[in-house]
Amino acid sequence: MPSDPPDLPPTAPPVTPPVVPMAVPPMPVRPPAVPAPSRPDAAAPAPVIEPLFTSAPGLNWAVPPLAPVPPTPLSPAADPRTSAELPPTARDLELIRTSLAVVEPVADRATAHFYALVFLGHPEIRALFPAAMDVQRDRLFRALLMTARGAGDPEGLRTHLRALGCVHRRYGTLTGHYGPVGECLVATLARYTGSRWTAETELAWRRVYRLVSSIMIEAAEEDARSSPPWWQGEVVAHERRTPDVAVLTVRPDQAYPYRAGQYTSLETPWWPRVWRHYSFASAPRPDGLLTFHVKAVPAGWVSNALVHRAAPGDVLRLGPAAGGMTLDHADGADLLLVGGGTGIAPLRALVEEAAGYGAAGRSVELLYGARRAGELYELDGLRELARRHRWLSVRPVLSGPGAGTAESAAAGLLAGELPEAVARFGPWTGRTACLAGPPAMVRRTSGVLLRAGLPAERIRHDLAAR
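Residues numbered from 1 in each chain as written. Predicted model: local features only at pLDDT ≥ 70, side-chain atom pairs only at ≥ 80, totals over all residues. Heavy atoms only, no water.

Here we take up the side chain of Ser303. Tracing the backbone through its elements, the reader meets Ser303 in helix α7 (residues 301-308). Discounting residues that sit within four places of it in the chain, Ser303 has contacts with Tyr278, Val294, Lys295, Ala296 and Val297. (Helix = DSSP H or I, 4+ residues; strand = E, 2+ residues; numbered from the N terminus. Contact = heavy atoms within 4.5 Å.)

If you want it as structure tokens, here you go:
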């Protein structure tokens with residue numbers, strides 16, 4: 001598999017286009033127009049999703065209709081082994097942690113074996129997954145570890161599993177798929193646990209898997225009563241802010257509920273079933289348009305497509321909104337917002353929402369960092385917000401070339417890394433902190449705030465959820 005999609009053009013030299021005010025189209029009364037595909041056989045059954053690009057049928061992200069999967073012994077409604085239907089015990093959880101510790105050193109081989117069993121034994125399930133399985137392999141073992149470690153927090157684990165069950169809807173997952181997947185998981189664990197695998201260990205895994213799948217199925221079925229598995233969104237504006245950062249404005253085909261500070265998952269027509277998370281860069285708007293900041297990263301299939309290939313008229317798919325980095329307007333605590341790179345997107349949305357609520361007497365301190373001055377692409381807009389709202393203070397921080405020079409100081413740019421700047425301008429006692437950006441920066445900043453005495457429940461980010 002190449003490190004980057006071969007059909008993506010090389011990054012062009014930066015071009016500074018003239019600033020032209022974006023003409024925002026009116027709120028649609030109908031979904032985006034999607035051309036109907038041409039089919040020589042009029043009697044052929046329609047696919048689940050209509051092809052979006054008749055001139056390029058290879059880009060069609062539709063999959064064949066999935067036949068119902070008959071229940072298997074691991075399906076919650078069909079397990080005849082009453083002992084496996086009982087809730088997991090403390091002994092079961094101990095056995096699961098022990099077996100995971102044995103499998104962890106060979107996790108790559110074990111997950112590859114698991115997916116081979118699933119796809120060979122149940123080829124109808126293969127259509128639910130992307131062509132490249134590297135990310136999926138990593139996610140499987142992380143999910144197993146989270147389940148084992150989350151046993152001490154049943155409510156937190158249940159919340160996570162319910163969210164996961166709803167997310168799986170966008171892939172076309174059916175209730176009947178959980179049984180075959182569970183059998184393949186048990187077979188894989190038995191193979192790679194070796195002599196540590198016993199009848200008691202197998203029973204423990206069956207109990208846990210039954211509980212996990214039941215929670216996810218219940219959540220998916222409940223979610224299906226009020227929400228579609230995905231939305232279609234038409235790109236109505238595409239603005240390059242830097243050579244590798246683009247701001248996309250998307251018009252969904254129907255009302256899309258979300259809160260400032262949340263994120264969604266996007267799928268492009270060029271990489272079917274490959275979804276990536278992007279934060280909303282604005283608070284909910286009366287016209288229903290959504291804004292995203294996307295940075296093209298090396299080997300980033302979706303990000304490169306969105307930055308270098310997407311254009312007005314293209315249609316994306318959006319999953320439901322997720323994430324807990326939202327404001328409690330009844331709390332009214334002062335805010336500390338720390339964003340690096342495109343992590344500024346959800347923080348700007350939070351500022352907009354705070355302004356919409358009148359800030360409720362709170363002050364907002366925003367630290368916005370990048371390596372180079374040109375990467376602070378949102379600084380002018382943030383400074384304009386600060387001029388309009390006295391409760392907002394914006395501190396730009398530069399950590400790379402040009403940091404600490406007289407020129408950068410004259411431009412109001414502070415020198416240093418964001419975590420050090422947070423430590424320098426404290427204390428932040430009594431504030432609620434929201435962090436977004438590169439994972440290393442978020443972790444370091446969180447550590448700085450914890451050491452400074454800010455309680456963990458006052459530090460919000462969505463790092464673990466992604």
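Next up on the list: the nonpolar core. Ile96 and Trp205 are the most contacted members of the largest nonpolar core, which has 32 residues in total. Put simply, the parts of the chain that give this core at least two residues each are α1 (90-103), α2 (107-121), α3 (134-149), α4 (154-167), α5 (178-193) and α6 (199-224). If you tally residues by element for this core, the top one is α6, at eight residues. If we ignore the near neighbours within four places in the chain, the residues touching Trp205 are Ile96, Ser99, Leu100, Leu144, Leu189 and Trp197. Counting residues in hydrophobic clusters, the runner-up holds 29 residues, among them Ala260, Ile344, Ala370 and Ala436. (Core = buried A, V, L, I, M, F, W, Y, C linked by side-chain atoms within 4.5 Å. Buried < 20%, exposed > 50% of the residue type's maximum accessible area, 1.4 Å probe, protein only.)

This next bit is on the sheet that holds strand β7 (residues 335-340). As summarised here, the arrangement of the six strands in space is β10-β9-β8-β7-β11-β12, forming an open sheet in which the pairing is parallel. Here the strands that pair on one side only, and so sit at the sheet edges, are β10 (414-415) and β12 (459-460). Summarising the sheet, strand β11 (residues 432-436) and β12 pair through two bridges and their orientation is parallel. Bridge pairing in β12 places Cys434 opposite Arg460. Across the face of the sheet, helix α9 (residues 379-388) comes into contact with β8 (364-370) and β9 (392-398) while running at roughly 155° to β9. Contacting β7, β11 and β12, helix α12 (residues 439-451) runs over the sheet at an angle of about 160° to β11. (Pairing = 2+ DSSP bridges. Axes fitted to C-alpha atoms, helices over the stretch in contact; angles between N-to-C directions.)

So far we have only geometry, and geometry alone does not tell us how the molecule works.
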